[in-house]
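Below are the chains, spelled out letter by letter.
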Amino acid sequence: MDGYNFAYLDEQTKRMIRRALLKAVAIPGYQVPFGGREMPMPYGWGTGGVQLTASILGADDILKVIDQGADDTTNAVSIRHFFQRVAGVETTTATTAADVIQTRHRIPETPLRSGQILVFQVPIPEPLRFIEPSEQETRLMHALEEYGVMHVKLYEDIARYGHIATTYAYPVKVDGRYVMDPSPIPKFDNPKLDGNPALMLFGAGREKRLYAIPPYTRVESLDFEDHPFEIQSWEHTCALCGSDHSYLDEVITDDKGGRMFVCSDTDYCQTRRGEVA
Amino acid sequence: MKKPALERPVLLDVQDITRLYGPAKGCEAIDFQLHAGEVLGIVGESGSGKSTLLRVLAGLEAPDAGRVVYRRHAGEDVLDRDEAELDLYAIGEARRRALLRLEWGLVHQNPRDGLRMGVSAGANIGERLMAQGQRHYGQLRATGQEWMRQVELDPGRIDDAPRTFSGGMQQRLQIARTLVTRPRLVFMDEPTGGLDVSVQARLLDMLRTLVRQLGLSVVLVTHDLAVARLLAHRLMVMRRGQVVETGLTDQILDDPQHEYTQLLVSSVLTP
């Protein structure tokens, strides 16, 4: 496209973001500040993820964009079109074919392989924020590894609801050091963070922070000895592909109480149906 | 027969502390030693520098000059030789914060400063334990209830938010939260300020029991001589940033030597 640099951002900006990414990969889970740019979309629509994708995208990379697991929702479609126009890269909906996957809320059900990069859009990068409003203080707490307050939140959950009621953005400890907010993925996806062969990058556009989990890094979800970490489970199976082990969305089909449970990962669901048929 | 040790070991050695915001604003050339198991009261009028001194002692504010040395007595258990004596402002910030969190405690005048108002009473009491690495919910809860009983709160209210508690109850909760890790040294800044007299009396009674049971060493800042009389073994009277008189509590209150102390003692209202 005329008048734009490849992948929208200018080369200096991409270089700056790549430098920050290198630091983030070197210190797994540590939030690196970066000079976030204005993007042609509002904050909250994935400006952080888009900047990271723009910085790492190569001309022959194949891009996949998902939003809540689906390739066909508004956010996913518009970001995919954006990169088609400003970078002219090939796009795909197949998890296995993609080199770079930008995601919001999910990690694909299909296991990722070495060499793939998963880019997360992050709204609130600071896991300590809910209990400590001061940025200066939270940075100090990270530096000194003062993570007792993270368990205060989990304690409070159990005291109120009888179990750990945090179901998304469930805090994790990366490589035994930094406590990290894995962005609003459901805790169902937390085990996939641990030892994943793909590189995982997290970008928060409004807060201008990025962080990373390098491939094959140890990632533990925080819990109590007598209330261990558990993922969600469903009594139903996917109404379309019959999967009994994927993350299901409840979809209301009419106004008479009709509903169905379907895989949130559309590519996974379609692939399974193709195999069955 | 085993004789009790007459001279208790020195726990806190304060050497020539100065922290001035302006002439006679703050505290100047303060020198004293706090022994293990001792309750030291610091009294004086508003603006006399007693709270500044407490902030310096408690590691919250670096002094302009002087040293605060914390002696973890070597006699008890074999400590790391470097750790037996800690100069509060020479050790790193990480070490200092760990010390404040694990071995010391601070009770604020306003319980809202010391409590997390957004989470339940149980979470407040458990926070220091969780910071120490305790990860068993059932045990944390049992400890929480045990401490609520200790400070005469209803253990059934363990899941209630602190804002539903009265002022006196919040103060008890703050004390429980501070003492749950059994600190050796506790700083208290007007712990009974802002409470009405009957609540104050019960709180003082409870504090005195806890101090004796746990063998706490306490630095207590107060402007209330009655509170000082009840709790403190020794008193330091401050005025305009300087210590004007020190001595045993009864001695100072019954036979004040310095004219300012005489004024202070004679100003106490008796109904």
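A quick note: this is a predicted structure, and the numbers were derived from the prediction, not measured. (Residues numbered from 1 in each chain as written. Chains lettered and ligands numbered in written order. Predicted model: local features only at pLDDT ≥ 70, side-chain atom pairs only at ≥ 80, totals over all residues. Heavy atoms only, no water.)

Peer 1: I keep staring at the overall build of chain A and nothing clicks. Help me out?
Peer 2: In terms of regular secondary structure, chain A is built from 7 helices and 12 strands. For chain A, restricting intrachain contacts to residue pairs at least 6 apart in sequence, the fraction spanning at least 24 positions comes to 60%. Accessible surface, chain A: about 12,400 Å² in total, of which carbon and sulfur atoms supply 50%. Treating the 28 positive side-chain charges of chain A as one cloud and the 39 negative ones as another, the clouds have centres 6 Å apart. (Helix = DSSP H or I, 4+ residues; strand = E, 2+ residues; numbered from the N terminus. Contact = heavy atoms within 4.5 Å. Areas by Shrake-Rupley, 256 points an atom, 1.4 Å probe, with all protein chains shown as cover. Lys, Arg positive; Asp, Glu negative; His and termini not counted. Charge placed at Lys NZ, Arg CZ, Asp CG, Glu CD.)

Peer 1: What should I look at first to understand the pairing of strand β2 (residues 62–67) of chain A in this one?
Peer 2: The side chains of a regular strand alternate between both faces of the sheet. All names here are of chain A. A large share of β2 lies buried, amounting to 6 of its 6 residues. Of the two faces of β2, the one carrying I62, K64 and I66 and the one carrying L63, V65 and D67 are both buried. Sheet topology note: the β2/strand β3 (residues 90–91) ladder contains 2 bridges and is parallel. Bridging from a neighbouring strand, L63 pairs with T91 of β3. Viewed along the sheet, the connection from β2 through helix α3 (residues 74–87) into β3 turns out right-handed. For β2 and strand β4 (residues 100–104), the ladder comprises 5 bridges, and the chain directions are parallel. Residue I66 lies in a different strand from β4, and its bridge partner there is T103. (Buried < 20%, exposed > 50% of the residue type's maximum accessible area, 1.4 Å probe, protein only. Pairing = 2+ DSSP bridges. Right-handed = clockwise from strand over helix to strand, strands pointing away.)

Peer 1: Please explain the domain arrangement of chain A as it appears in this structure.
Peer 2: Put simply, an interface is often sized by how much accessible area is lost when its parts join up. All names here are of chain A. Looking at chain A, the domain boundaries give domain 1 (11–221) and domain 2 (233–277). For domain 1 versus domain 2, the separation of C-alpha centres amounts to 26 Å. With 15 residues of domain 1 at the interface, the matching set in domain 2 holds 10 residues. Ranking the residues of domain 1 by area buried against domain 2 places R106, E109 and F188 at the top, with a combined share of 46%. For the interface between domain 1 and domain 2, the tally reads 0 salt bridges. Between domain 1 and domain 2 we count 6 residue pairs in polar contact (both at pLDDT 80 or more) in total. A per-class count over the side of domain 1 that touches domain 2 returns 5 nonpolar, 5 polar and 5 charged. (Domains from an automatic or database assignment. Buried area = accessible area lost by both parts, 1.4 Å probe. Salt bridge = Lys/Arg side-chain N within 4 Å of Asp/Glu carboxyl O. Polar contact = N/O pair within 3.5 Å; in protein donor to acceptor, adjacent residues only side chain to side chain. Nonpolar A, V, L, I, M, F, W, Y, C, P; charged D, E, K, R; others polar.)

Peer 1: Is there a simple way to think about the sheet that holds strand β10 (residues 242–248) of chain B in this case?
Peer 2: Residue and element names in this part refer to chain B. With respect to topology, 6 strands assemble into an open sheet ordered β6-β7-β8-β3-β9-β10, the strand pairing being mixed. A single partner strand is all that each edge strand has here, and the edge strands are β6 (104–107) and β10. When the angles between neighbouring strand axes are averaged without regard to direction, this sheet yields 15 degrees. One ladder, built from 5 bridges, connects strand β7 (residues 185–189) with strand β8 (residues 217–222); its direction is parallel. Bridge pairing in β8 links D189 to V221. Sitting on the sheet, helix α1 (residues 50–57) is in contact with β3 (39–43), β6, β7, β8 and β9 (234–239), with an inclination near 150 degrees to β8. (Axes fitted to C-alpha atoms, helices over the stretch in contact; angles between N-to-C directions.)

Peer 1: Sorry if this is basic, but what is going on with the pattern of salt bridges here?
Peer 2: Side chains that carry opposite charge are capable of pairing whenever their charged atoms lie near each other. Residue and element names in this part refer to chain B. Summed over the entire model, instances satisfying the criterion amount to 34 salt bridges over all chains. Residue E190 pairs with K50 through a salt bridge whose shortest N-O separation is 3.9 Å. Taken as a pair, E190 in the loop between β7 and α7 (197–214) and K50 in helix α1 lie far apart in primary sequence, 140 residues in all. When its relative accessible area of 8% is taken as the criterion, E190 is described as buried. For R116, the salt bridge is made with E127, and the minimal N-O distance between the two is 2.7 Å. With R116 in the loop between α3 (111–114) and α4 (121–131) and E127 in helix α4, this pair connects stretches of sequence that are 11 residues apart.

Peer 1: Mind showing me how you'd approach the interface of chain B and chain A here?
Peer 2: On the side of chain A, 20 residues touch chain B, which itself brings 21 residues to the contact. Ranking the residues of chain B by area buried against chain A places R97, R135 and Y137 of chain B at the top, with a combined share of 39%. Across the contact surface, chain B and chain A share 3 salt bridges. Between E146 of chain A and R101 of chain B there is a salt bridge; the shortest N-O distance is 2.8 Å. There are 11 residue pairs in polar contact (both at pLDDT 80 or more) connecting chain B and chain A.

Peer 1: Just checking my understanding: could you explain the nonpolar core for this structure?
Peer 2: The tendency in soluble globular proteins is for nonpolar side chains to be buried side by side. By size, the foremost hydrophobic cluster in this structure holds 64 residues, and its most contacted members are Y155 and F224 of chain A together with I175 of chain B. Broken down by element, this core gets its largest block of residues, 7 residues, from helix α5 (residues 148–161) of chain A. Discounting residues that sit within four places of it in the chain, Y155 of chain A has contacts with F224 of chain A together with S120, G122, A123, M130, Y137, L140, R141 and I158 of chain B. Ranked by size, the runner-up nonpolar core spans 31 residues in total, among them A20, L52, L63 and V100 of chain A. (Core = buried A, V, L, I, M, F, W, Y, C linked by side-chain atoms within 4.5 Å.)

Peer 1: What is the right way to look at helix α4 (residues 135–143) of chain A in this model?
Peer 2: Residue and element names in this part refer to chain A. Within α4, burial applies to T138, M141 and H142. Down the axis of α4, the sector holding all buried residues measures 100 degrees, keeping them to one side. Where α4 begins, one side-chain oxygen reaches toward the backbone nitrogen of Q136, 3.4 Å away; that side chain belongs to S134. Looking one or two residues beyond α4, the residue adopting positive phi is E145, at roughly 55 degrees. (Arc of directions from axis to C-beta.)

Peer 1: Can you walk me through the pairing of strand β11 (residues 248–252) of chain A in this structure?
Peer 2: Residue and element names in this part refer to chain A. Bridge count between β11 and strand β12 (residues 259–263): 5 bridges; the pairing is antiparallel. Of the residues in β12, the one forming a bridge with I252 is R259. Here β11 folds back onto β12 in antiparallel fashion, the turn holding 6 residues, of which G257 has a positive phi close to 90 degrees.

Peer 1: Would you mind going over the packing of aromatic side chains with me for this structure?
Peer 2: Any pair of aromatic rings gets described here by the distance separating the centres and the angle formed by the planes. A full pass over the atoms with the stated rule returns 14 aromatic pairs over all chains. With centroids separated by 4.2 Å and ring planes inclined at 10 degrees, the aromatic side chains of F120 of chain A and F202 of chain A adopt a geometry described as stacked. Linking F120 of chain A in strand β5 (residues 117–121) with F202 of chain A in strand β8 (residues 199–204), this pair joins segments that are 82 residues apart in sequence. Comparing F120 of chain A with F202 of chain A, the two get one shared label, buried. A centroid spacing of 5.1 Å and a plane angle of 45 degrees characterise the contact between Y155 of chain A and Y137 of chain B, whose relative ring orientation is tilted. Placement of the pair is Y155 of chain A in helix α5 and Y137 of chain B in helix α5 (residues 137–150), with the two residues belonging to separate chains. The exposure classification of Y155 of chain A matches that of Y137 of chain B, with both residues buried. Three or more aromatic residues link up through ring pairs in this structure, and these residues are Y4, Y8, F82 and F83 of chain A. Over the ring of F130 of chain A we find K153 of chain A; its NZ or CZ atom is 5.3 Å from the centre of that ring. (Phe/Tyr/Trp six-rings, centres within 6.5 Å; stacked < 30°, edge-to-face > 60°. Lys NZ or Arg CZ within 6 Å of the ring centre and 35° of its normal.)

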